[in-house]
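# Results of the structural survey
Take a look at the letters that make up each chain.
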Amino acid sequence: MDDPGVAHGFTSVDSQPRPDDWVQVLDRVAAEPFYAAYKQRLQELLRPAAGGLFLEVGAGTGDAAQALRSRWGAEVVAVDSSLTMAAQARARGLAHACVADGHRLPFGAGRFDGAWADRVVQHVADPGRVLDELLRVVRPGGRVALADPDYDTQVLDIDDQDLARRVLRFRADVLLRNGTLAHRHGGLLAARGLDDITVEARTLVVRDPSAVDHVMGLRTWAHTAAARGHLDPADADRFVVQFDEAARTGRLTYAVTFFLTAGTLPDAPKRPTSAVRTYGRASESPSTYARSWSARE
């Protein structure tokens, strides 16, 4: 699905030839047991409580936000940079879904009890800015959680290991903006003064070549690299032949490690709170707030 010469499709879903294809990618991924398990664990690291208010940045179709609502009885505001994704989230029943840029969140400071970004930081232009925005909108004592694969951890079993490494390096260093940052998320939170930092690793192991769309198109990475001038076309052809042979003989093994990272914002002197949670202006309800941002899309 990656068009040569452009950024990864998830950085600009609405400008893709068929934006709904990217909705289907998320639905296929969500159906995989590995993803469902780590997503649940990421939400557990937020320590959500009934009645709390949480923010998901890069919410996609909104399925994870819906899961947090139903599992813990908390309210969730979901934002995504894509109008296609925000519309999907609302169509699937998530009332508080809107279009917003993670670099400039449209919320006041300390509005949320926690916030999370799942497979988002790998795609953004300025990870530090996005992280600072997450921290800004979460109250003192609240939690922030991040999850991303770290493509420095990739391995692939085909005959030519040098060729495999060259293709995997393309994925890590070129195809994604921040493909090797996930193992540093804990350090980024520590540098910003967060407490109680947790880092957990979950490794995705793929032996079925049809699983997760060949791991987001793994079989196609070599030809994408060749199209962008990073690999000889003959090597790309050879990669596909070896990939298919590994799949045919039951040898295929691909693995990459995901890092789940969470931390707590330091406590601060308590501020007066009103009887109604404020969302933008003092008396706005969640529904009003969501409608106001939907109107600005």
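As the structure is a prediction and not an experimental result, all values here were calculated from the model. (Residues numbered from 1 in each chain as written. Predicted model: local features only at pLDDT ≥ 70, side-chain atom pairs only at ≥ 80, totals over all residues. Heavy atoms only, no water.)

### Points about the overall build of the protein
Of the regular secondary structure elements, the protein holds 11 helices and seven strands. Counted over contacts in the protein with a minimum sequence separation of 6, partners at least 24 positions apart contribute 76%. For the protein, the exposed area adds up to about 13100 Å²; of that, 51% sits on carbon and sulfur atoms. (Helix = DSSP H or I, 4+ residues; strand = E, 2+ residues; numbered from the N terminus. Contact = heavy atoms within 4.5 Å. Areas by Shrake-Rupley, 256 points an atom, 1.4 Å probe, with all protein chains shown as cover.)

### Some words on the environment of Thr253
Within the secondary structure, Thr253 sits in the loop between helix H10 (233-248) and strand E7 (254-264). According to the relative accessible area criterion, Thr253 is partly exposed, its value standing at 23%. Separated by 45 residues in sequence, Thr253 and Asp208 place their C-alpha atoms 8.2 Å apart. Ignoring anything within four residues of it in the chain, the contact list for Thr253 reads Val155, Leu156, Asp157, Val205, Val206 and Arg207. (Buried < 20%, exposed > 50% of the residue type's maximum accessible area, 1.4 Å probe, protein only.)

### Focus on the side chain of Gln242
Here Gln242 is to be found in helix H10. Side-chain polar atoms of Gln242 contact the backbone nitrogen of Asp159, separated by 3.2 Å. (Polar contact = N/O pair within 3.5 Å; in protein donor to acceptor, adjacent residues only side chain to side chain.)

### Side note on the packing of aromatic side chains
Throughout the structure, instances matching the rule amount to nine aromatic pairs. Ring pairing ties together the aromatic residues Phe34, Tyr35, Tyr38 and Phe258, which thus form one cluster. (Phe/Tyr/Trp six-rings, centres within 6.5 Å; stacked < 30°, edge-to-face > 60°.)

### Considerations on the packing of helix H2 (residues 33-45) against helix H3 (residues 63-72)
As a packed pair, H2 and H3 sit with axes 11 Å apart at the nearest point and diverge in direction by 60 degrees. Between H2 and H3, the angle is such that the two are oblique. Crossing of H2 against H3: the hand is right-handed. Where H2 abuts H3, its residues Gln40, Gln43 and Glu44 lie against Ala64, Ala67, Leu68, Arg71 and Trp72. Along the lines of polarity and charge, the residues of the contact of H2 with H3 split into four nonpolar, two polar and two charged. (Axes fitted to C-alpha atoms, helices over the stretch in contact; angles between N-to-C directions. Parallel < 35°, antiparallel > 145°, perpendicular 65-115°, else oblique. Left-handed = near helix turned anticlockwise from the far one by under 90°. Nonpolar A, V, L, I, M, F, W, Y, C, P; charged D, E, K, R; others polar.)

### Examining the side chain of Asp160
On the secondary structure map, Asp160 appears in the loop between strand E5 (138-156) and helix H6 (161-175). A distance of 3.0 Å separates the side chain of Asp160 from the backbone nitrogen of Leu163, its partner in a polar contact. Not counting chain neighbours up to four residues away, the residues in contact with Asp160 comprise Arg238 and Gln242.

### Brief notes about the sheet that holds strand E3 (residues 97-99)
Spatially, seven strands are ordered E3-E2-E1-E4-E5-E7-E6 in an open sheet, and the strand pairing comes out mixed. Two strands lie at the open edges of the sheet, namely E3 and strand E6 (195-206), each paired on one side alone. Going from strand to strand, the sheet's axes swing by 20 degrees on average, the running direction of each strand aside. Bridge count between strand E1 (residues 53-57) and strand E2 (residues 75-80): five bridges; the pairing is parallel. (Pairing = 2+ DSSP bridges.)

### Some thoughts on the confidence of the model for the protein
Residues with a pLDDT of 70 or more make up 80% of the protein, whose mean pLDDT is 85. Across residues 1-6, confidence stays below pLDDT 50; counting only partners more than four residues off in sequence or on other chains, it has 15 contacts. (pLDDT = per-residue confidence, 0-100.)

### Concerning the pattern of salt bridges
Under the counting rule described, the total for this entry stands at 22 salt bridges. Residues Asp160 and Arg238 are paired through a salt bridge, measuring 2.6 Å at the closest nitrogen-oxygen approach. In this pair, Asp160 is assigned in the loop between E5 and H6 and Arg238 in helix H10, connecting sequence segments 78 residues apart. (Salt bridge = Lys/Arg side-chain N within 4 Å of Asp/Glu carboxyl O.)

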